[in-house]
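Inside the fold
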Amino acid sequence: MNPYVEEVYDDVLKRDPNEPEFHQAVHEVLESISLAVDKHPEYQETRLLERLVEPERQIIFRVPWVDDNGEVQVNRGYRVEFNSALGPYKGGLRFHKSVNRNIIKFLGFEQIFKNALTAQGIGGGKGGSDFDPHGRSDTEIMRFCQQFMTELYRHIGEQTDVPAGDIGVGGREIGYLFGMYKRLTNRFESGVLTGKSLNWGGSLVRTEATGYGTVLFAQSMLDVKGETLDGKRVVVSGSGNVSIYAVEKAQQLGADVVTVSDSSGWVLDEDGIDVELLKQIKEVERGRIKEYADRKKGVKFFSGSRPWEVPCDIALPCATQNELNDKDAKRLIENGVKAVSEGANMPSTPDAVDMFQEADVLFGPGKAANAGGVATSALEMEQNASRASWSFEKAEGRLTEIMKNIHDDAYATSEEYGRPGDYVLGANITGFERVATAMLEQGIV
Ligand code: NDP
């Protein structure tokens, strides 16, 4: 590794020692941009990497709220505004019990490069809370979102910082958050949040975008090898927003998808996942994945583990970070996996990524493969700014074009640096160089 890059990484470890996921995300990026840093002494002269790994602003706040039993609950809210070199901060809000500053920083850091890859003029940020929505009533969710926004509203705006959804935050939560933002500011500022309802400023295809994009990225990787998704056996983890639409798009392209999961376990459906039943259980009833097995004949439920033992051609990890480790990778490789496209953020551990690459498995890292969500959020902002509503076909067409460009740009960079098909290196250097150029041009800020 370039000595300047190493020095920066050592400083990150010393400065914030208790942030393992953030370290993991920073290490992955720094390691793969090392070759690009060799060519640019001006990065070191302007301390560009030190600035890149330090968020521009971090906001941590108390979120007190009252549950249905009249008990006061206190959660912690976060917004990390990481980098605005390319545009307003943009990135989702995650509501999950595991959320802390480390998790939000890792997600915010990834978001910088992902957003740069989309080439849509958006900076990187992320936020959320350790609030656990599981088992909470609709009114509790509403009260929590409203209380969360009573602080967040000071920091966001359509030209400043534009949050969206992530784990635990979907259309319902965005609605409650937007309602409170509007009440507090007395402004109907459509572009302040994305993932809105289609009734008041949302974009068609935003719901589907991340999952669709992940599959389109897999398709582009297969194209390079002269293959298609048609007839391929696909294993998906998770059963939330990203997973459901990854299943849908993979099936549209002729693949056989045989698994989905949630934090309690996974189901194996050899007849192919019934995506309408999955939507009914997960989107409408907000139920557990076991119910899928209870309601469809011949489906098996396995508790407490993940689906990576199932032989497949394509693996789509779409649940959460570090959900696919070296043992899982070994199993997948032994079973003949051809491609892995990450719908989730950083779902594969570093060892697993190394193993896929050594085994010549096509590997699409999350920051490229799941960029379709934020890309379509930027399309939602574009529609809001011009007070337009595009057709499904137009929005999907733009998403398809953007995903193809992300793939092709990452591939071209991997070739330029002598490692054709290394999408980790290609995506990281492509995103980094766009951000670095803007940071140099904007001076020491
Ligand atoms: P959802 O909340 O809709 O779904 C998350 C799914 O993952 C659920 O099935 C959930 O199960 C499961 N899951 C979450 N945490 C864990 C865990 N610790 N162990 C096992 N399973 C878990 O979230 P999304 O689908 O929106 O997000 C999934 C991933 O995709 C995340 O990594 C997110 O950052 C990433 N992503 C999302 C984008 C979007 O547009 N939504 C954009 C880009 C990336 P359970 O219900 O049991 O918790």
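Before reading further, recall that the structure is shown in the block above.
Residues numbered from 1 in each chain as written. Predicted model: local features only at pLDDT ≥ 70, side-chain atom pairs only at ≥ 80, totals over all residues. Heavy atoms only, no water.

1. Regarding the overall build of the protein chain
- For the protein chain, the helix and strand inventory stands at 17 helices and twelve strands.
- For the protein chain, whose C-alpha radius of gyration is 21 Å, the value lies close to the compact-globule estimate of 22 Å for 445 residues.
- C-alpha atoms of the protein chain, sized along the principal axes, occupy 65 × 55 × 45 Å.
- Every one of the 445 residues in the protein chain was classed for burial, and the buried ones make up 57%.
- On the protein chain, roughly 17700 Å² of surface is accessible, and the fraction owed to carbon and sulfur atoms is 46%.
- Each charge sign in the protein chain was given a centre, from 50 positive and 69 negative side chains, and these centres are 5 Å apart. (Helix = DSSP H or I, 4+ residues; strand = E, 2+ residues; numbered from the N terminus. Rg over C-alpha atoms; globule rule 2.2 N^0.38 Å. Buried < 20%, exposed > 50% of the residue type's maximum accessible area, 1.4 Å probe, protein only. Areas by Shrake-Rupley, 256 points an atom, 1.4 Å probe, with all protein chains shown as cover. Lys, Arg positive; Asp, Glu negative; His and termini not counted. Charge placed at Lys NZ, Arg CZ, Asp CG, Glu CD.)

2. Some points on the site of the ligand
- Near the ligand, the surroundings consist of 26 residues, among which Asp-166, Thr-210, Ser-263, Arg-288 and Asn-345 are the closest.
- Contacts to the ligand include Arg-94, whose side-chain N or O atom sits 2.9 Å from an oxygen atom.
- Against a free-state accessible area of 890 Å², the protein chains account for coverage of 86% of the ligand.
- For the shell around the ligand, the secondary-structure elements that each account for two or more residues are helix H8 (206–224), helix H9 (241–252) and strand E7 (256–262).
- Its residues placed into classes, the shell around the ligand shows five nonpolar, 14 polar and seven charged. (Near = heavy atom within 4 Å. Polar contact = N/O pair within 3.5 Å; in protein donor to acceptor, adjacent residues only side chain to side chain. Nonpolar A, V, L, I, M, F, W, Y, C, P; charged D, E, K, R; others polar.)

3. Considerations on helix H17 (residues 423–441)
- Its 19 residues give H17 an end-to-end C-alpha distance of 27 Å, which sits within 8% of 27 Å, the value for a rise of 1.5 Å per residue.
- Most of H17 is tucked away: 14 of the 19 residues are buried.
- Measuring from the backbone nitrogen of Val-424 back to the side-chain oxygen at the start of H17 gives 3.1 Å, which picks out Asp-422 as the cap.
- Of the residues one or two after H17, Gly-443 is the one with positive phi, at around 80°. (Expected span 1.5 Å × (residues − 1).)

4. Observations regarding the sheet that holds strand E6 (residues 233–236)
- What the seven strands build is an open sheet, ordered E9-E8-E7-E6-E10-E11-E12; its pairing is mixed. What marks the edges here is a single partner per strand, and that holds for strand E9 (300–303) and strand E12 (362–364). If you compare each strand with its neighbour and ignore which way they point, the axes differ by 15° on average. (Pairing = 2+ DSSP bridges. Axes fitted to C-alpha atoms, helices over the stretch in contact; angles between N-to-C directions.)

5. Describing the packing of aromatic side chains
- Tallied over the full model, the rule gives 20 aromatic pairs.
- A centroid spacing of 6.0 Å and a plane angle of 50° characterise the contact between Tyr-411 and Tyr-423, whose relative ring orientation is tilted. Remark: Tyr-423 occurs in helix H17 and Tyr-411 occurs in helix H16 (residues 392–416); sequence separation between them is twelve residues. As far as the burial class goes, Tyr-411 and Tyr-423 line up, both buried.
- When the ring centre of Tyr-212 is taken as reference, the NZ or CZ atom of Lys-249 above it lies at 4.6 Å. (Phe/Tyr/Trp six-rings, centres within 6.5 Å; stacked < 30°, edge-to-face > 60°. Lys NZ or Arg CZ within 6 Å of the ring centre and 35° of its normal.)

6. Things to note about a negative patch on the surface
- A contiguous patch of negative charge, built from Glu-31, Asp-326, Asp-351, Asp-354 and Glu-358, is present on the exposed surface.
- No other element matches helix H13 (residues 350–358), which puts three residues into the negative patch.
- The residue Asp-326 is located in helix H12 (residues 326–334) in this model.
- Here Asp-326 falls in the partly exposed class, since its relative accessible area comes to 31%. (Patch = residues over 30% accessible without salt bridge, like charges linked within 9 Å, V, L, I, M, F, W, Y side chains within 5 Å. Salt bridge = Lys/Arg side-chain N within 4 Å of Asp/Glu carboxyl O.)

7. Some details on the packing of helix H6 (residues 138–152) against helix H7 (residues 171–185)
- Contact geometry for H6 and H7: axes closest at 8 Å, N-to-C directions at 45°. Classified by the interaxial angle, the pair formed by H6 and H7 is oblique. The two elements H6 and H7 cross, and the hand of that crossing is right-handed. The segment H6 lies against H7, with Asp-138, Ile-141, Met-142, Cys-145, Gln-146, Phe-148, Met-149 and Thr-150 engaging Arg-172, Glu-173, Tyr-176, Leu-177, Met-180, Tyr-181 and Leu-184. (Parallel < 35°, antiparallel > 145°, perpendicular 65-115°, else oblique. Left-handed = near helix turned anticlockwise from the far one by under 90°. Contact = heavy atoms within 4.5 Å.)

8. Considering the side chain of Glu-19
- Residue position: Glu-19 is located in the loop between helix H1 (3–15) and helix H2 (20–38).
- Of note is the side chain of Glu-19, whose polar atom sits 2.7 Å from the side chain of Lys-105.
- For Glu-19, the contacting residues outside a window of four places in its chain are Arg-101, Asn-102 and Lys-105.

9. A look at the pairing of strand E3 (residues 89–95)
- The buried count for E3 comes to seven of seven residues, which makes it a mostly enclosed element.
- Here E3 pairs with strand E4 (residues 123–129) via five bridges, running parallel. Within E4, the position partnered with Arg-94 by the bridge is Gly-128.
- Handedness of the crossover is the feature at issue here: the chain leaves E3, passes through helix H5 (residues 101–118), returns alongside E4, and the resulting connection is right-handed. (Right-handed = clockwise from strand over helix to strand, strands pointing away.)

10. Quick word on the pairing of E6
- As paired elements, E6 and E7 share three bridges and run parallel to each other. By the bridge assignment, Arg-233 is partnered in E7 with Asp-256.
- Examined bridge by bridge, E6 and strand E10 (residues 314–316) share three bridges and lie parallel to one another. Bridging from a neighbouring strand, Val-235 pairs with Ala-315 of E10.

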